[in-house]
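A structural walkthrough
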Amino acid sequence: MNTYCYADIETGQKESFSVRVTEETMDSFKAITGDINPLHNDSDHARNRGYEDRVVYGMLTASYLSTLAGVYLPGEKSLIQSVEIRFSKPVYIGDILDIEGEVTEKNDTFKVIILKVSIKNQQGKKVLKGSMQIGVAE
Amino acid sequence: MIFRDVFDDDTLVITDSTNAEDIEDWDSLEHINLIMAMEKEFGLKFNLQEIGELANVGEMADLIGRKLAAK
């Protein structure tokens, strides 16, 4: 885990990591949230709606932003204040996601950073984009 | 406009005496967002002491005016 203090962080700084979405990941998310929507749980239903297969929960994909802020940038001293995101493309089980954040702003008064965030799949296609406002402890 | 954008409420009416007690969503996080929006809009920087001394929107406007005049 990174432990960047506010002073350590520079505008333009980037951190990234990768994960693979598995059946087990989906099962865990369903157990936590109770989201039994067939788009995420029934391959035939998903294909009938025009998708390749069961679609990974959007909020599961987005949950890796928690890891980005809480483990990588800034890491331990992170306090997520707000998140704005858009889901650009569907994610499927087996996809490898690359999660990246770049510091675009710093506010010295409140010790807040703004991260431009994006998640890309193994084909380099953006599946999620947005920004996070994060407080950084001293 | 800044208040309407930050609080996402086009019906918001602000006066000099408006403060956090008058707007339900005006919590500590929105206060940060409001000050940051003011800094961007006017090209100013505030310090925590200046922010802590503000009692209402009127005093905020006065502070912005003084800082703009001093630029």
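Small disclaimer: the values here were computed from a predicted structure and weren't measured.

A few words now on the side chain of Ser118 of chain A. If you trace the backbone, Ser118 of chain A turns up in strand S4 (residues 112-120). Setting aside residues up to four positions removed in sequence, Ser118 of chain A forms contacts with Asp98, Ile99, Glu100, Lys126, Leu128 and Lys129 of chain A.

Residues and elements named next belong to chain A. Counted by the stated rule, this structure contains five salt bridges over all chains. When the shortest N-O distance is used, the salt bridge between Glu23 and Arg54 registers 3.1 Å. Of the two residues, Glu23 is situated in helix H1 (residues 23-33) and Arg54 in the loop between helix H3 (43-48) and helix H4 (58-72); the sequence distance between them amounts to 31 residues. Given the relative accessible area of 12%, Arg54 is considered buried. Between Asp44 and Arg47 there is a salt bridge, with the nearest N and O atoms lying 3.8 Å from each other. With a gap of three residues between them, Asp44 and Arg47 both fall in helix H3, about one helical turn apart. Take Asp44: its relative accessible area is 54%, and that puts it in the exposed class. Residues joined by salt bridges that share partners form a network here, namely Asp44, Arg47 and Asp53.

So, on to the sheet that holds strand S1 (residues 14-20) of chain A. The strand order across the open sheet built from five strands is S1-S3-S4-S5-S2 (chain A), with neighbouring strands paired in antiparallel fashion. Because the sheet does not close on itself, it has two edges, and the strands there are S1 and strand S2 (78-87) of chain A. With direction set aside, neighbouring strand axes in the sheet form an average angle of 20°. Relative to S4 of chain A, strand S3 (residues 96-107) of chain A runs antiparallel, the two being bridged by nine bridges. When the bridges of S4 of chain A are listed, Lys106 of chain A appears paired with Ile113 of chain A. Strand contacts of helix H2 (residues 28-42) of chain B: S2, S3, S4 and strand S5 (126-136) of chain A, with the helix running at about 100° to S5 of chain A, the strand carrying the most contacts.

Turning to the interface of chain A and chain B, a few remarks are in order. Where interface size is given, it is often the accessible area lost as the parts come together that is meant. Between chain A and chain B, the residue contacts involve eight residues of the former and 11 residues of the latter. When the buried area of chain A at its contact with chain B is split by residue, Asn107, Thr109 and Phe110 of chain A rank highest and sum to 57% of it. In this structure, Glu105 of chain A engages Lys40 of chain B in a salt bridge whose closest nitrogen and oxygen atoms are separated by 3.1 Å. Inspection of the chain A/chain B interface yields four residue pairs in polar contact (both at pLDDT 80 or more). A breakdown of the residues in the side of chain A that touches chain B according to their chemical character gives three nonpolar, four polar and one charged.

Right, let's talk about the layout of surface pockets for a bit. Where empty space is left becomes clear once a probe the size of a water molecule has been rolled over the atoms. One number sums up the size of the largest pocket: a volume of about 400 Å³. As for the largest pocket, its lining consists of 13 residues, of which Ser82, Glu84, Ile114 and Gln133 of chain A together with Asn33 of chain B are closest to the centre. Contributions of two or more residues to the lining of the largest pocket are made by S2 and S5 of chain A together with H2 of chain B. Sorting elements by how many residues they give to the lining of the largest pocket places H2 of chain B first, with five residues. Tallied by class, the residues present in the lining of the largest pocket amount to six nonpolar, four polar and three charged. In this structure, the second largest pocket occupies an estimated 150 Å³ of space. Lining the second largest pocket we find Leu39, His40, Tyr51, Val55, Val56, Gly58, Thr61, Phe87, Lys89, Pro90, Val91 and Val127 of chain A. Of all the secondary structure elements, the ones that give two or more residues to the lining of the second largest pocket are helix H2 (38-41) and H4 of chain A. Split into classes, the residues belonging to the lining of the second largest pocket amount to eight nonpolar, three polar and one charged.

About the cut-offs
Residues numbered from 1 in each chain as written. Chains lettered and ligands numbered in written order. Predicted model: local features only at pLDDT ≥ 70, side-chain atom pairs only at ≥ 80, totals over all residues. Heavy atoms only, no water. Helix = DSSP H or I, 4+ residues; strand = E, 2+ residues; numbered from the N terminus. Contact = heavy atoms within 4.5 Å. Salt bridge = Lys/Arg side-chain N within 4 Å of Asp/Glu carboxyl O. Buried < 20%, exposed > 50% of the residue type's maximum accessible area, 1.4 Å probe, protein only. Pairing = 2+ DSSP bridges. Axes fitted to C-alpha atoms, helices over the stretch in contact; angles between N-to-C directions. Buried area = accessible area lost by both parts, 1.4 Å probe. Polar contact = N/O pair within 3.5 Å; in protein donor to acceptor, adjacent residues only side chain to side chain. Nonpolar A, V, L, I, M, F, W, Y, C, P; charged D, E, K, R; others polar. 1 Å grid on protein atoms, 1.4 Å probe; cavity = no way out; pocket = protein on both sides within 12 Å on 5 of 7 lines; lining within 4 Å. Points joined across faces, edges and corners; volume = space filled by probe spheres on them.

Spatial relationships are all this shows, so hold off on functional conclusions.
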